[in-house]
Amino acid sequence: MQSPIYWRGEIYRAAMHAMHWRNLGRRYDYVRRLVMPGDRVLDVGCGTGTLQSHLNGNYYLGLELNEQFISYARNKKRNVIKQDAMTFDRYGEFDVCVAMDLLHHLNPKHEEFMKKAVSGTRKRVIVCEPYVVSGRHPIVEKMIRILDNDGLNDSGEWENREELIRFFRKFNPARLDELDNSVMAVYERGEK
Ligand SMILES: C[S@@+](CC[C@H](N)C(=O)[O-])C[C@H]1O[C@@H](n2cnc3c(N)ncnc32)[C@H](O)[C@@H]1O
């Protein structure tokens, strides 16, 4: 069943602020620092397209399937289209591809997505993905899974930190960083 977080853009934004607090801004700063002037940015599974407002006027395209999020984004003049990440094939038109908190929604097709994004994007791919925090009470974990159900995918499997790092290493990242119980992986074209 779809979590209330995914019912409306306003609810999703409030939940993101409550969940990440200061680290939300730090995530956007992390991405912005890796986007150069003139870079065309693709944001896959973009949610409300909020990343666009944190860039420096770069051309931006967000891909999303949740219609409530798309209309929220469009009301804010963000360039978001209805498009399934798994059937998108225009990575070569973008310098930077960003996927924040998307992989576990695509799981078990997340590897297929990574291969296409890393091999197709012109310069750089930035992926930010949360992991299962060890030692958390099982009820808290269960609550997180319920709240995370986007109503589009029925899997939504999260990995633990070690599994996630192993997964990212398969694609030869230029760097791996950690913020807020998430791993950020950066892939550079030409370093593969
Ligand atoms: C946890 S949200 C992250 C949103 C945004 N990237 C952020 O950081 O706030 C994951 C988003 O991926 C979208 N999504 C899930 N499967 C998708 C697919 N196959 N194609 C496009 N978007 C998808 C969901 O609708 C949801 O908005």
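Residues numbered from 1 in each chain as written. Predicted model: local features only at pLDDT ≥ 70, side-chain atom pairs only at ≥ 80, totals over all residues.

### Things to note about the pairing of strand 4 (residues 96–100)
Alright, step 1. Counted residue by residue, strand 4 has 5 buried out of 5 residues, so it is predominantly covered.
Alright, step 2. As judged from the 3 bridges shared by strand 1 (residues 41–44) and strand 4, these two strands associate in the parallel manner. Bridging from a neighbouring strand, Val41 pairs with Val96 of strand 4.
Alright, step 3. Relative to strand 5 (residues 124–130), strand 4 is paired through 5 bridges, and the arrangement is parallel. Across the sheet, residue Val98 finds its bridge partner in strand 5, namely Ile126. (Buried ≥ 20, exposed ≤ 12 C-beta atoms within 10 Å, placed from the backbone. Helix = DSSP H or I, 4+ residues; strand = E, 2+ residues; numbered from the N terminus. Pairing = 2+ DSSP bridges.)

### Considering the packing of helix 1 (residues 9–20) against helix 3 (residues 67–75)
Alright, step 1. Running from N to C, helix 1 and helix 3 cross one another at 85°; their axes reach a closest spacing of 8 Å. Taken together, helix 1 and helix 3 sit at an angle that is classed as roughly perpendicular. Mapping the contact onto sequence places Gly9, Glu10 and Tyr12 in helix 1 and Gln68, Phe69, Tyr72 and Ala73 in helix 3.
Alright, step 2. Residues of the contact of helix 1 with helix 3, tallied by class, amount to 4 nonpolar, 2 polar and 1 charged. (Axes fitted to C-alpha atoms, helices over the stretch in contact; angles between N-to-C directions. Parallel < 35°, antiparallel > 145°, perpendicular 65-115°, else oblique. Contact = placed C-beta atoms within 7 Å. Nonpolar A, V, L, I, M, F, W, Y, C, P; charged D, E, K, R; others polar.)

### Focus: the site of the ligand
Alright, step 1. Taken together, 19 residues lie around the ligand, and Gly45, Gly47, Ala85, Met100 and Asp101 are the ones closest in.
Alright, step 2. Of the residues that constitute the shell around the ligand, the class distribution is 10 nonpolar, 5 polar and 4 charged. (Near = placed C-beta within 6 Å.)

### Description of the sheet that holds strand 4
Alright, step 1. Spatially, the 7 strands line up as an open sheet ordered 3-2-1-4-5-7-6, and their pairing is mixed. Looking at the sheet topology across the chains shown, the edges are occupied by strand 3 (80–82) and strand 6 (175–179). Between one strand and the next, the sheet's axes are offset by a mean angle of 20°, whatever the strand orientation.
Alright, step 2. Bridge analysis of strand 6 against strand 7 (residues 182–188) gives 5 bridges, and the strand direction is antiparallel. Counterpart to Leu179 in the pairing with strand 7 is Ser182.
Alright, step 3. Lying over the sheet, helix 2 (residues 22–33) contacts strand 4, strand 5, strand 6 and strand 7, oriented at roughly 165° with respect to strand 6.
Alright, step 4. The sheet strands contacting helix 3 are strand 2 (60–64) and strand 3, and the helix crosses strand 3 at an angle near 155°.

### A look at the nonpolar core
Alright, step 1. Judged by nonpolar contacts, the single largest core of 42 residues is most densely connected at Val44, Cys97, Val98, Ala99 and Ile126.
Alright, step 2. Ignoring sequence-local partners within four residues, the contact set of Cys97 consists of Leu42, Val44, Tyr91, Ala117, Thr121 and Val125. (Core = buried A, V, L, I, M, F, W, Y, C linked by C-beta atoms within 7 Å.)

### Comments concerning helix 3
Alright, step 1. Listed as buried for helix 3 are Phe69, Ile70, Tyr72 and Ala73. Seen from one end, helix 3 has its buried residues packed into an arc of 160°, which puts them on one side. More than 90 degrees from the buried face of helix 3, the exposed residues found are Glu67 and Asn75.
Alright, step 2. At the exit of helix 3 stands Lys77, carrying a positive phi of roughly 65°. (Arc of directions from axis to C-beta.)

### So, unusual backbone geometry
Alright, step 1. Note the cis peptide between Asn107 and Pro108, where omega equals 15°.
Alright, step 2. By the secondary structure assignment, Pro108 is in the loop between helix 4 (103–106) and helix 5 (110–120).
Alright, step 3. Notably, Asn172 is not glycine yet its phi reads approximately 60°, a positive angle.
Alright, step 4. As for its position among the elements, Asn172 is in the loop between helix 7 (161–169) and strand 6.
Alright, step 5. Looking at Asn172, the number of C-beta atoms within 10 Å reads 12, which means it is exposed.
Alright, step 6. Non-glycine residue Asp180 carries a positive phi angle of around 60°.
Alright, step 7. By secondary structure assignment, the location of Asp180 is in the loop between strand 6 and strand 7.

Fair warning: the whole summary comes from geometry, so function is off the table for now.
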